[in-house]
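Working through the structure, step by step
The chain contents come next:
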Protein chains: 2
Amino acid sequence: MQAIKKYIEDNKQRFLDELFELLRFQSVSADPKYKAEVLKTADYVAQKLREAGADQVEICETAGYPIVYGEKIIDPALPTVLIYGHYDVQPPDPLELWHTPPFEPTVRDGKIYARGACDDKGQFYMHVKAFELMMQTGTLACNVKFMIEGEEEVGSANLGIFVRANQERLKADVVLISDTSMISMEHPSIETGLRGLAYLEVEVTGPNRDLHSGVYGGAVANPITMLCKMIASLHDEENHITIPEFYDKVAELSQDERDALNAAPYDEEEYKKDLDIAEVWGEQGYSTLERTGTRPTLEVNGIWGGYIGEGAKTVLPSKAYAKISMRLVPHQSSEEITAIFTRHFESIAPAGVTVQVRPHHGGEPVVTPTDSIAYRAAEKAIETAFGKQAIPTRGGGSIPIVALFEEVLGIKTVLLGFGLDSDALHSPNEKYDIFNYYKGIETLPLFHRYYAELSAQ
Amino acid sequence: MQAIKKYIEDNKQRFLDELFELLRFQSVSADPKYKAEVLKTADYVAQKLREAGADQVEICETAGYPIVYGEKIIDPALPTVLIYGHYDVQPPDPLELWHTPPFEPTVRDGKIYARGACDDKGQFYMHVKAFELMMQTGTLACNVKFMIEGEEEVGSANLGIFVRANQERLKADVVLISDTSMISMEHPSIETGLRGLAYLEVEVTGPNRDLHSGVYGGAVANPITMLCKMIASLHDEENHITIPEFYDKVAELSQDERDALNAAPYDEEEYKKDLDIAEVWGEQGYSTLERTGTRPTLEVNGIWGGYIGEGAKTVLPSKAYAKISMRLVPHQSSEEITAIFTRHFESIAPAGVTVQVRPHHGGEPVVTPTDSIAYRAAEKAIETAFGKQAIPTRGGGSIPIVALFEEVLGIKTVLLGFGLDSDALHSPNEKYDIFNYYKGIETLPLFHRYYAELSAQ
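Only a predicted model underlies this, so the values are computations on that prediction, with no experimental measurement involved.

**A short note on the sheet that holds strand β5 (residues 111-113) of chain A**
Residues and elements named next belong to chain A. What the three strands build is an open sheet, ordered β4-β5-β21; its pairing is antiparallel. Sheet topology places β4 (106-108) and β21 (431-433) at the edges, where each strand pairs with a single neighbour. Within the sheet, the average angular offset between the axes of one strand and its neighbour, ignoring direction, is 30°. As defined by bridge partners, β5 adjoins β21 across three bridges and the pair is classed as antiparallel. Directly across from lysine 111, in β21, lies its bridge partner aspartate 433. Across the sheet, helix α12 (residues 434-456) touches β4, β5 and β21, and the angle it forms with β21 is around 60°.

**Comments concerning the interface of chain A and chain B**
Every contact between the two is made by 85 residues of chain A and, on the other side, 85 residues of chain B. Buried area between chain A and chain B, summed over both chains or domains, comes out near 7,400 Å², and the portion from carbon and sulfur atoms is 56%. The tally of links from chain A across to chain B stands at two salt bridges. One salt bridge in this structure joins aspartate 274 of chain A and arginine 209 of chain B, with 3.1 Å as the shortest N-O distance. Joining chain A to chain B, the criterion identifies 42 residue pairs in polar contact (both at pLDDT 80 or more). With nine residues, strand β13 (residues 297-306) of chain A is the largest single contributor of residues to the side of chain A that touches chain B. Broken down by class, the residue content of the side of chain A that touches chain B amounts to 36 nonpolar, 31 polar and 18 charged. In this sheet, strand β13 (residues 297-306) of chain B lies alongside β13 of chain A in antiparallel orientation, the contact comprising five bridges. Each bridged residue has a counterpart across the sheet, and for glycine 302 of chain A the counterpart in β13 of chain B is glycine 306 of chain B.

**Points about the relation of the copies chain A and chain B**
Superposition record for chain A on chain B: RMSD 0.0 Å, screw rotation 180°, translation along axis 0.0 Å. Seen this way, the second copy is the image of the first under a two-fold rotation axis. Mapped onto chain B, 100% of the interface residues of chain A are again interface residues, and the two copies thus contact each other with one and the same surface.

**Details of the domain arrangement of chain A**
Residues and elements named next belong to chain A. The domain boundaries assigned to chain A delineate domain 1 (2-194 + 365-456) and domain 2 (196-250 + 296-361). Measuring from the centre of the C-alpha atoms in domain 1 to the corresponding centre in domain 2 gives 35 Å. Counting residues at the interface gives eight residues for domain 1, matched by nine residues for domain 2. Of the roughly 600 Å² buried where domain 1 meets domain 2, counting both sides, 63% is carbon and sulfur surface. Summed over the three residues of domain 1 that lose the most area to domain 2, namely Gly155, Pro365 and Ser398, the buried surface amounts to 63% of that side. The tally of links from domain 1 across to domain 2 stands at zero salt bridges.

**Points about the UniProt feature "domain: Peptidase M20 dimerisation" (unreviewed entry) in chain A**
In this structure's numbering, the residues bearing the UniProt feature "domain: Peptidase M20 dimerisation" (unreviewed entry) are residues 193-351 of chain A. Between the C-alpha atoms that bound residues 193-351 of chain A there is a distance of 42 Å. The span itself is 29% helix and 23% strand.

**Comments concerning the pairing of strand β2 (residues 67-72) of chain B**
Residue and element names in this part refer to chain B. Within β2, six of the six residues are buried, which leaves the element mostly enclosed by the surrounding structure. Side-chain alternation along β2 places Ile67, Tyr69 and Glu71 on one buried face and Val68, Gly70 and Lys72 on a second face that is also buried. Across four bridges, strand β1 (residues 55-60) lies against β2 in antiparallel orientation. The partner of cysteine 60 across the bridge, within β2, is isoleucine 67. The sheet contact formed by β2 and strand β6 (residues 143-149) spans five bridges and is antiparallel. From the neighbouring strand, glycine 70 faces β6, where its bridge partner is phenylalanine 146.

**Examining the packing of aromatic side chains**
Under the defined criterion, the tally for this structure stands at 24 aromatic pairs over all chains. For the ring pair tryptophan 304 of chain A and tyrosine 321 of chain A, a centre distance of 5.2 Å and an interplane angle of 10° mean the geometry is stacked. Within this pair, whereas tryptophan 304 of chain A is found in strand β13, its partner tyrosine 321 of chain A is found in strand β15 (residues 319-328), the two being separated by 17 residues in sequence. A residue is classified by how much of its surface remains accessible, and tryptophan 304 of chain A, at 16% relative accessible area, is buried. Seen from their ring centres, phenylalanine 25 of chain B and tyrosine 44 of chain B are 5.3 Å apart, and the 50° between their planes marks the pair as tilted. Here tyrosine 44 of chain B lies in helix α2 (residues 35-52) and phenylalanine 25 of chain B lies in the loop between α1 (2-24) and α2, a separation of 19 residues in the sequence. Joined through ring pairs, the aromatic side chains of Tyr216 of chain A together with Tyr266 and Tyr271 of chain B make up one cluster. Sitting over the ring of tyrosine 113 of chain A, arginine 108 of chain A keeps its end group 4.0 Å from the ring centre. Taking the ring centre of phenylalanine 386 of chain B as reference, the NZ or CZ of lysine 439 of chain B above it sits at 5.2 Å.

**Things to note about the sheet that holds strand β21 (residues 431-433) of chain B**
Residues and elements named next belong to chain B. Strand order across the open sheet formed by three strands is β4-β5-β21, with antiparallel pairing between neighbours. Two strands bound the open sheet, and with one partner strand each, they are β4 (106-108) and β21. Along the sheet, successive strands turn relative to each other by an average axial angle of 30°, direction set aside.

**Brief notes about a negative patch on the surface**
Residue and element names in this part refer to chain A. Taken together, the side chains of Asp267, Glu268, Glu270 and Glu279 make up a negatively charged region of the molecular surface. Examined against the element boundaries, glutamate 279 turns out to sit in the loop between α7 (268-275) and α8 (288-293). You can call glutamate 279 partly exposed: its relative accessible area is 38%.

**Details of the pattern of salt bridges**
Residue and element names in this part refer to chain B. Using the criterion set out here, one finds 60 salt bridges over all chains in the structure. Where lysine 129 meets glutamate 132, a salt bridge forms, and the shortest distance between an N and an O atom there is 2.6 Å. Linking lysine 129 with glutamate 132, this pair stays in helix α3 (residues 121-136), spanning three residues, or about one helical turn. For the pair lysine 129 and glutamate 132, a shared accessibility class is recorded, and that class is buried. Salt-bridge contacts for arginine 295 lead to glutamate 283; the nearest nitrogen and oxygen are separated by 2.6 Å. Taken as a pair, arginine 295 in the loop between α8 (288-293) and β13 and glutamate 283 in the loop between α7 (268-275) and α8 lie far apart in primary sequence, 12 residues in all.

**A closer look at helix α3 (residues 121-136) of chain A**
Residue and element names in this part refer to chain A. Between the first and last C-alpha of α3 there are 22 Å, a value that for 16 residues agrees with the 22 Å anticipated at 1.5 Å per step. With 14 of its 16 residues buried, α3 lies for the most part within the structure. Backbone geometry just downstream of α3 places glycine 138 in the positive-phi region, at approximately 60°.

**Here's the deal with unusual backbone geometry**
Across the junction of aspartate 119 of chain A and aspartate 120 of chain A, the peptide omega takes the value 0°, indicating a cis bond. Tracing the backbone through its elements, the reader meets aspartate 120 of chain A in the loop between β5 and α3. Notably, serine 156 of chain B is not glycine yet its phi reads approximately 50°, a positive angle. Within the fold, serine 156 of chain B resides in the loop between β6 and α4 (159-165). In this structure, asparagine 239 of chain B takes a positive phi of about 65° despite not being glycine. The residue asparagine 239 of chain B is located in the loop between α5 (223-232) and α6 (255-262) in this model. Asparagine 239 of chain B gets classed as buried once you look at its relative accessible area, which sits at 16%.

**So, the packing of helix α5 (residues 223-232) of chain A against α5 of chain B**
The contact between α5 of chain A and α5 of chain B brings their axes to 8 Å, and the two run at 115°. Here α5 of chain A lies roughly perpendicular to α5 of chain B, going by the angle between them. Crossing angle aside, the handedness with which α5 of chain A passes α5 of chain B is left-handed. Residues Thr225, Cys228, Lys229, Ile231 and Ala232 of chain A of α5 of chain A touch α5 of chain B, and the partners they reach there are Cys228, Lys229, Ile231 and Ala232 of chain B.

**Here we look at helix α1 (residues 2-24) of chain A**
Residue and element names in this part refer to chain A. If you check α1, its first and last C-alpha atoms are 32 Å apart, about what 23 residues at 1.5 Å a residue would give, namely 33 Å. Along α1, the sharpest change in direction is near 65° and occurs at asparagine 11. Residues of α1 that are buried make contact with α2 (35-52), β4, β5, α3 and α12.

**Quick look at the environment of serine 372 of chain A**
Residues and elements named next belong to chain A. Within the fold, serine 372 resides in the loop between β17 (366-367) and α10 (373-386). As for serine 372 and threonine 413, which are separated by 41 residues in sequence, their C-alpha atoms are 9.9 Å apart. In this structure the side chain of serine 372 is engaged in a polar contact, spanning 3.0 Å, whose partner is the backbone nitrogen of tyrosine 375.

Criteria and thresholds
Residues numbered from 1 in each chain as written. Chains lettered and ligands numbered in written order. Predicted model: local features only at pLDDT ≥ 70, side-chain atom pairs only at ≥ 80, totals over all residues. Heavy atoms only, no water. Pairing = 2+ DSSP bridges. Helix = DSSP H or I, 4+ residues; strand = E, 2+ residues; numbered from the N terminus. Axes fitted to C-alpha atoms, helices over the stretch in contact; angles between N-to-C directions. Contact = heavy atoms within 4.5 Å. Buried area = accessible area lost by both parts, 1.4 Å probe. Salt bridge = Lys/Arg side-chain N within 4 Å of Asp/Glu carboxyl O. Polar contact = N/O pair within 3.5 Å; in protein donor to acceptor, adjacent residues only side chain to side chain. Nonpolar A, V, L, I, M, F, W, Y, C, P; charged D, E, K, R; others polar. Least-squares fit on C-alpha atoms with pLDDT ≥ 70 in both. Domains from an automatic or database assignment. UniProt positions renumbered as here; feature names shortened; annotations may be inferred. Buried < 20%, exposed > 50% of the residue type's maximum accessible area, 1.4 Å probe, protein only. Phe/Tyr/Trp six-rings, centres within 6.5 Å; stacked < 30°, edge-to-face > 60°. Lys NZ or Arg CZ within 6 Å of the ring centre and 35° of its normal. Patch = residues over 30% accessible without salt bridge, like charges linked within 9 Å, V, L, I, M, F, W, Y side chains within 5 Å. Areas by Shrake-Rupley, 256 points an atom, 1.4 Å probe, with all protein chains shown as cover. Lys, Arg positive; Asp, Glu negative; His and termini not counted. Charge placed at Lys NZ, Arg CZ, Asp CG, Glu CD. Expected span 1.5 Å × (residues − 1). Parallel < 35°, antiparallel > 145°, perpendicular 65-115°, else oblique. Left-handed = near helix turned anticlockwise from the far one by under 90°. Bend = angle between axes of the 7 residues up to and from the residue.

Written out as structure tokens, the structure reads:
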């Protein structure tokens, strides 16, 4: 423990400088215009893995962005930890809302502000530095494999193919991922579940051309109005999703599970204050923690149509669009929900317009076991580093890869995240606390040590 | 009549070249980036008025874009015709839908394709050429005053101020405007009414920042979803507008008026085929001609919020926006309806979001008399030029200035338009038939002659 703390202390500044360099790469996977930047980021990650002491480092090409692989096999008899992370980030817009440039990491009262600071550059890079630390201090207790991808923010379309094609190379006993958050540093927690995702784009077409709203208004179905009516109908008065069959496979939690979940510290007044909202919103009959952790949801992520420039244009547009995504819970399948949504959305198209639904990407929900050696090792690592018991929580986000690992490699995942919900992931002014960054680098070697110890018993 | 036809024949090509030059100016008043172009257009109009023989030509500055004035007073004893038009145009977007560049006029089977070809450059310029013709052939029968503005497409904000300040200079017996359409060249018609307009922009705010839809989705009101619910609620099942008091001042037409209106040629199958829609849409209990001509309407002209770029972003946005306009019929007041809408829209904001309504601009509805000397002169001019009786129709569009003229100058307007509903005003590939352009130049001098004759009786 002292050795760990000392190494971190001695390398504090360099650990930060290297992360900053990583954060300066504009690795936005959703927008082709950033392509060169994304590729440069992969090079940087590979280089840093080599410097940290990894062998077999390779930039593995895919149909999309490459996957960076590296490993250190010290003894085939020892357990192997497969570390997953992603070097791509969300688009930075709306740019005007950033207080400092998204790709120029800036520190304000102990926090690093930059796109990807927490999701996931700041978090996966902790593993690279923890690995370096274990190598340098001769404390590496397990074999380690790194798989850092560049398409997580766009659905990891090519990762599945890669994993299926590299099952031997990726053989491991557990997957370790830091791409989730804790309740707080005072209340360290481990996410034991993740929601799945079904993301679609809808296109509503009315007349075959934009029309003058004075000449045609009131006589021709307006695709914007029709899209609004369709979207409005997707939630009922009690904010339940109205799509037939949508809830069919959703398992209700037992009262005990609900109690355990709701036992996690949550201050609704604080929550509302942080977001500056008068009321929380959601499915009746469930708490906020249940709504985000255990219930499927439907959100409109974007909408556009007609004239959206400056000033006024009296147009009745030909088309209107929306990006809609659903978060899924255990037993719901991304493919099935995509089909159910598509069927329903096409069926509610009012006369006078036509509808097209295009699936974007998806991921399956997962629940990670809390009785595994790996989970107990994570608990123990947190207890040692934080001096507190870890609280099990259910995360609302999605990491499609987790379900894929179970299916293809047959191994479970431990979600050891050090972010905070307030880190503004996917938002302007994304941040990551420097404290959490160092705390993660301190905690991870403990996980490896305890995982080796518990596995040996 | 022969003299008119001959002069047009002799100057055919030049008339077209001058219009093309006018159409090449990118005089988009809604977007500041076109400012220099709009100002250049005003200079061109002034120059052409001078060349045509107008006196006192002046580019009158306003708080916004200038108004071009010019006149020819041949005899104070003769009636004076005040010609109004506008040299500004609608924004050209969506650009990708134009078959040829919007500001590079192109002729395809007898039609001029360009932004402003019909609305209103092609139409007001017919008056400049008709005036030149009357000057050159010594047939000018009335005094003429031109007032060509540059802010019609953004609500003529400064025209009212100008008119109030120049009542002496603008003194006239009738206002003549070509900024409307006919049923067809086979069914020449004159619009006897125009709808008013109330144009607003709404802003719905949820959380104080964009959020990760996985972490917060299902627990925080999504401003896009809430905006959709609000917009969806503005029309009921029968497509009546649900805003309290909205219809209070709307006068129902008598059965005779409705019959006369519906007597105008209208082929619903043709209408649907032209727009490529399966069904027409609108307020139950009214025909398409009634819906567009005599009923108030509410249209969403634009909507935007969240991530609208390429690919996917799992964001729960902080804000969503819409541009909404209402067309008004006689006795409805733009100001009053704006207030009624604002009050209602704010009142239906769901908990968890806040709403801001910003009025853009408006205009009052008008009905022009069909028993006036001016209207009879217009009828006679059309009869002579087309060999057919003009059909009185109700236009769905708005020309706020018409109500202003009545109020400030106390004079009525004649709407002698030569466009077609199929000219794609405000849309990509706006067009104007060359035939209509020449036909207008041929008809307008007849109006001046008959107006002088009938006034003398």
